[in-house]
Each structure stands twice: as structure tokens, then as C-alpha cells.
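Each chain, written out:
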Amino acid sequence: MKKYFITGGCGFIGSNFVHYILRGKQDALVINLDKLTYAGNLKNLEQFENDERYIFYHGDICDQQIVRKIFVDHKPDYLINFAAESHVDRSIGKPDDFIQTDIFGAFTLLETAREHNIDRFIQISTDEVYGSIEKGSFSETDPLMPRNPYSASKAGADRLAYSYFATYDLPVIITRASNNFGPYQFPEKLIPLFVTNAMENEKLPIYGDGKNIRDWLYVSDHCAAIQYIADNGVIGEIYNIGGGNELTNLEITDIILEETNKPNSLKKFVQDRLGHDRRYSLNCDKLIALGWQPKHNFSQAMQSTINWYRDNEQWWKPLKSGEYLEYYKQNYKGL
Ligand code: NAD
Ligand code: TYD
């Protein structure tokens with residue numbers, strides 16, 4: 001039986017990964033350590049609450065005591081570090097928690113892993129560490145040029161993880177994925193924000209000219225890639241994971257308006273994000289050579305994502321009130 005120590009498992013990608021493992025692999029134990037920030041939601045995993053293959057710890061990856069306890073009590077095979085502060089706009093407003101969780105938290109996990117046996121330490125990094133690219137695509141050997149506090153803190157963790165491989169032989173692998181979309185994504189990120197705003201007949205705030213480009217990766221493809229890399233990847237290596245679906249924000253907006261049957265008048269151009277990266281693009285030849293590529297068709301994945309938000313209003317409506325609404329009102333966007 002494989003034992004997975006997952007951090008940030010109550011967030012968007014982490015919870016999809018737990019679903020992926022526990023639905024697909026019967027013979028697994030998942031131990032999830034999550035601080036339950038605004039982005040962590042127990043509802044994402046409530047169907048596993050009584051599943052003996054799932055154990056939840058409420059705690060902080062910066063707290064070495066709880067991290068050590070998990071290592072001692074469960075002797076995990078794989079540690080997969082999803083936990084992070086993950087929203088660029090928040091990092092521009094207040095970088096503090098990004099430095100603490102994304103860098104110091106990764107350090108705490110690495111340092112504790114070094115005290116114990118572990119088969120794989122997977123650091124979930126991001127394509128944003130490369131910075132913006134006008135033409136062509138980034139390969140794993142390209143220099144890092146992060147341009148906002150989120151991507152800079154992720155770059156710090158990414159290189160720190162590598163240093164634990166180079167210096168201490170910790171079996172680290174680093175993944176750098178492109179923008180994910182799918183169920184359970186907090187409705188502050190582009191796709192769930194625009195889908196849920198459209199459903200509520202609220203404006204869709206497009207930053208700048210709307211021509212920034214992201215490469216969209218369906219979250220279940222991302223989960224499959226992480227699993228594949230954990231099992232087959234080479235220790236000490238970095239793997240880009242892209243969806244191969246580069247679209248401008250305006251193209252994404254048009255798809256959402258069409259699929260939700262809402263008028264163009266919901267589009268609202270607002271002030272641009274500070275330091276807004278123009279384009280992200282990944283060369284994924286290395287992962288293809290390892291034997292993996294995404295399987296989902298983009299249009300179908302978008303359709304099923306939009307259907308999920310349509311069918312799960314009880315999941316996202318409470319998230320768009322209270323603390324989130326206060327934050328949104330204070331920070332955005334001339335609505
Ligand atoms: P998310 O914000 O939805 O979830 C983050 C989770 O981490 C939450 O459950 C939160 O409670 C938890 N967390 C935060 N601080 C913690 C701490 N100190 N200790 C323990 N738990 C803590 O993020 P996401 O979109 O699911 O991203 C997951 C990972 O994937 C992140 O490392 C992110 O940088 C990376 N990534 C995300 C994308 C994307 O498009 N969302 C793309 C590439 C890489
Ligand atoms: P986001 O989902 O925040 O991901 P990231 O910044 O990490 O790529 O944003 C995706 C793109 O959408 C990015 O170019 C910024 C843009 N955007 C908007 O135009 N309006 C919005 O309200 C948000 C949240 C994002």
C-alpha cells in the first residue's frame with residue numbers, strides 16, 4: 001500500500017488529487033495536512049470523512065511538530081506539497097503569508113523529510129516561476145524570472161527543494177504546471193469567478209486589454225501527471241506540465257458567456273493588474289518523453305467545469321459572501 005502525505009489537500013488541486021487517488025487507487029492511504037485558510041474547504045473532501053484510507057490533520061506546514069508527528073506516526077512513502085498561498089492579486093496586496101507558507105513552509109517540510117525516510121518529495125511549483133514570454137515556450141532549463149510576490153515565493157521554494165536534492169540527496173522532484181481549471185476552484189480565480197459572476201448576472205472584470213495569454217490545463221489531467229511523475233519521474237528533475245491550450249482572457253470570457261447564455265454587456269474592462277504577466281507558455285517535451293500527455297479535450301473540459309459550477313451553487317455561493325466579499329469590495333475593480 002502506498003502512503004501519500006498531502007499538504008493543502010483541502011484546496012483546489014489538492015482536493016482533486018485526493019479524489020483522484022482514492023477513486024482510482026483502492027490500495028492507498030492519504031494523510032492530508034491543511035491549515036484551512038480561506039482557500040481550504042472541508043466540503044471538498046467530505047465524502048472521504050469516514051473512509052479509513054483518509055486521515056485529516058488540521059495544521060500548518062510551518063509547524064515542524066505536526067509535520068514530524070505525521071512522519072513518525074504514518075511513515076509516508078510520498079510527500080506532495082500542494083500547500084501554498086496561491087492567488088497573485090492577494091500577493092500584490094499583502095505578500096507576507098506567501099513568504100511564510102510558500103517558502104518557510106516548504107523549508108519546514110524539506111527539513112523534516114530529511115530526518116526521515118521518504119521515497120519521493122514532490123514540490124508542486126508553477127509555470128509562473130519563469131515569468132512572462134512573448135514568443136516561444138519555456139523549457140525546464142530556462143532561467144527563472146518571477147515578477148510578482150506569488151511567483152517569486154514559489155520560485156524560492158522550487159529552488160530550495162532542488163537544493164535539498166543537490167546537497168542532501170533528498171529524493172525531490174519538481175513539477176511546474178500551467179493554469180488549472182475544474183471543480184472546487186475558489187471563485188477568485190479567472191474561470192470560476194467569471195462563470196459564477198455570469199450565473200449571477202454580475203460583471204466580468206477583465207484586466208487591461210484582456211489579451212494576456214494563459215495555457216489552460218484541466219485539473220484531472222494535472223492530477224494524473226503528478227501521479228505519473230511521482231511513480232516514473234527521475235529524482236532531482238523538473239517537469240513542466242502544460243495543457244496545450246493557450247487562450248487570451250478575452251477568448252475565455254467569450255466561451256463562458258456563450259456557455260452560460262449571457263450577454264456581451266457583462267464584460268467590463270477594468271484597471272490592469274500590477275506587473276501583469278503577458279503570456280505563459282511551456283515546452284512539455286520532457287514529460288512527453290517520459291510517457292505522459294494530457295487526455296482531456298479543452299472544450300469538453302470547460303463544458304463540464306461550467307456544468308459543475310451550475311450544479312454546485314451550494315458549494316460556491318457561501319464562498320462569495322462574508323470575508324471574501326469584504327476582500328473583493330476593498331480590492332476590486334471599480335464594479
Ligand atoms: P488553493 O489556494 O486552492 O489551495 C491551497 C491549500 O493550501 C488550501 O487548502 C489552504 O488551506 C492550504 N494552505 C495554505 N497555507 C497553508 C499552510 N501554511 N499549511 C497548511 N496548509 C495550507 O491552491 P491551488 O490552486 O489548489 O494550488 C495548489 C498548488 O499548486 C500550489 O502550490 C500552487 O502554487 C500550485 N499551482 C497552482 C496552479 C493553479 O492554476 N491553481 C497552477 C500551477 C501550480
Ligand atoms: P488568475 O486566475 O488569477 O491566474 P494567474 O494570474 O495565476 O495566471 O488569472 C488568470 C488571468 O486572468 C490573468 O491574466 C489575470 C486575468 N484576470 C482578469 O482579467 N480578471 C480577474 O478578475 C481575474 C481574477 C484574473
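As the structure is a computational prediction, the values presented were derived from the model and not from experiment.

Attention shifts here to the site of ligand 2. Taken together, 19 residues form the shell around ligand 2, and within it Glu128, Pro205, Arg214, Arg273 and His276 come nearest. The contact in question runs from a nitrogen atom of ligand 2 to an N or O atom on the backbone of proline 205, over 2.7 Å. The separation between an oxygen atom of ligand 2 and a polar side-chain atom of histidine 276 is 2.7 Å. Within the complex, the protein chains bury 98% of what would otherwise be the 510 Å² of accessible surface of ligand 2. Only helix 6 (190-199) and strand 8 (204-207) provide two or more residues apiece to the shell around ligand 2.

Turning our eyes to something else, we now look at the side chain of glutamate 140. Mapping glutamate 140 onto the fold places it in the loop between strand 5 (120-126) and helix 5 (149-168). Among buried Asp, Glu, Lys and Arg side chains, glutamate 140 stands out as unpaired, with lysine 286 the closest opposite charge at 5.2 Å. A polar contact of 2.8 Å, which involves the side chain of glutamate 140, links it to the backbone nitrogen of asparagine 240. The residues touching glutamate 140, leaving out its near neighbours within four places in the chain, are Tyr130, Arg176, Ile238, Tyr239, Asn240, Asn283 and Lys286.

Another point: the sheet that holds strand 11 (residues 246-248). As summarised here, the arrangement of the three strands in space is 7-9-11, forming an open sheet in which the pairing is mixed. Of all strands in the sheet, those bounded by a partner on one side alone are strand 7 (179-181) and strand 11. This sheet shows a mean twist of 50° between the axes of neighbouring strands, independent of strand direction. Here strand 7 runs beside strand 9 (residues 213-218); their pairing, made up of three bridges, is parallel. Looking at strand 9, one finds that phenylalanine 181 is bridged to tyrosine 218. Against the sheet, helix 8 (residues 249-260) engages strand 9 and strand 11, with an angle of about 85° to strand 11.

What follows deals with the site of ligand 1. Residues in close proximity to ligand 1 total 28 residues, the closest being Ile13, Asp34, Ser86, Tyr150 and Lys154. Here an oxygen atom of ligand 1 sits 2.7 Å away from a polar atom, N or O, in the side chain of lysine 154. Within the backbone of asparagine 180, a nitrogen or oxygen atom sits 2.8 Å from an oxygen atom of ligand 1. Within the complex, 97% of the 840 Å² of free accessible area of ligand 1 lies under protein. Counting residues per element, the shell around ligand 1 draws most heavily on strand 5, at three residues. Counted by class, the shell around ligand 1 contains twelve nonpolar, twelve polar and four charged residues.

Bringing the sheet that holds strand 6 (residues 172-177) into the picture now. With respect to topology, seven strands assemble into an open sheet ordered 3-2-1-4-5-6-10, the strand pairing being parallel. The two strands at the open ends of the sheet, each matched to only one other strand, are strand 3 (54-58) and strand 10 (238-241). Taken pair by pair, the neighbouring strands of this sheet meet at an average axis angle of 20°, ignoring direction. Sheet topology places strand 2 (residues 28-34) next to strand 3; five bridges connect them, and they run parallel. Considered in strand 3, the bridge of valine 30 is made with tyrosine 54. Across the face of the sheet, helix 1 (residues 12-24) comes into contact with strand 1 (2-7), strand 2, strand 3 and strand 4 (78-81) while running at roughly 165° to strand 2.

All right, on to helix 6 then. Along an α-helix, residues three or four apart share an orientation, since each turn contains 3.6 residues. With nine of ten residues buried, helix 6 lies mostly within the body of the structure. Taken together, the buried positions of helix 6 are occupied by Ile191, Pro192, Leu193, Phe194, Val195, Thr196, Asn197, Ala198 and Met199. Of the residues trailing helix 6, asparagine 201 is marked for its positive phi of about 55°.

All right, on to the confidence of the model for the protein chain then. Scored by pLDDT, the protein chain has a mean of 96; 96% of the residues are at 70 or more. Across the protein chain, element-level confidence peaks in strand 6 with a mean pLDDT of 99 and bottoms out in helix 12 (residues 322-331) with 61.

Rules behind the numbers
- Residues numbered from 1 in each chain as written.
- Chains lettered and ligands numbered in written order.
- Predicted model: local features only at pLDDT ≥ 70, side-chain atom pairs only at ≥ 80, totals over all residues.
- Heavy atoms only, no water.
- Near = heavy atom within 4 Å.
- Polar contact = N/O pair within 3.5 Å; in protein donor to acceptor, adjacent residues only side chain to side chain.
- Areas by Shrake-Rupley, 256 points an atom, 1.4 Å probe, with all protein chains shown as cover.
- Helix = DSSP H or I, 4+ residues; strand = E, 2+ residues; numbered from the N terminus.
- Buried < 20%, exposed > 50% of the residue type's maximum accessible area, 1.4 Å probe, protein only.
- Lys, Arg positive; Asp, Glu negative; His and termini not counted.
- Salt bridge = Lys/Arg side-chain N within 4 Å of Asp/Glu carboxyl O.
- Contact = heavy atoms within 4.5 Å.
- Pairing = 2+ DSSP bridges.
- Axes fitted to C-alpha atoms, helices over the stretch in contact; angles between N-to-C directions.
- Nonpolar A, V, L, I, M, F, W, Y, C, P; charged D, E, K, R; others polar.
- pLDDT = per-residue confidence, 0-100.

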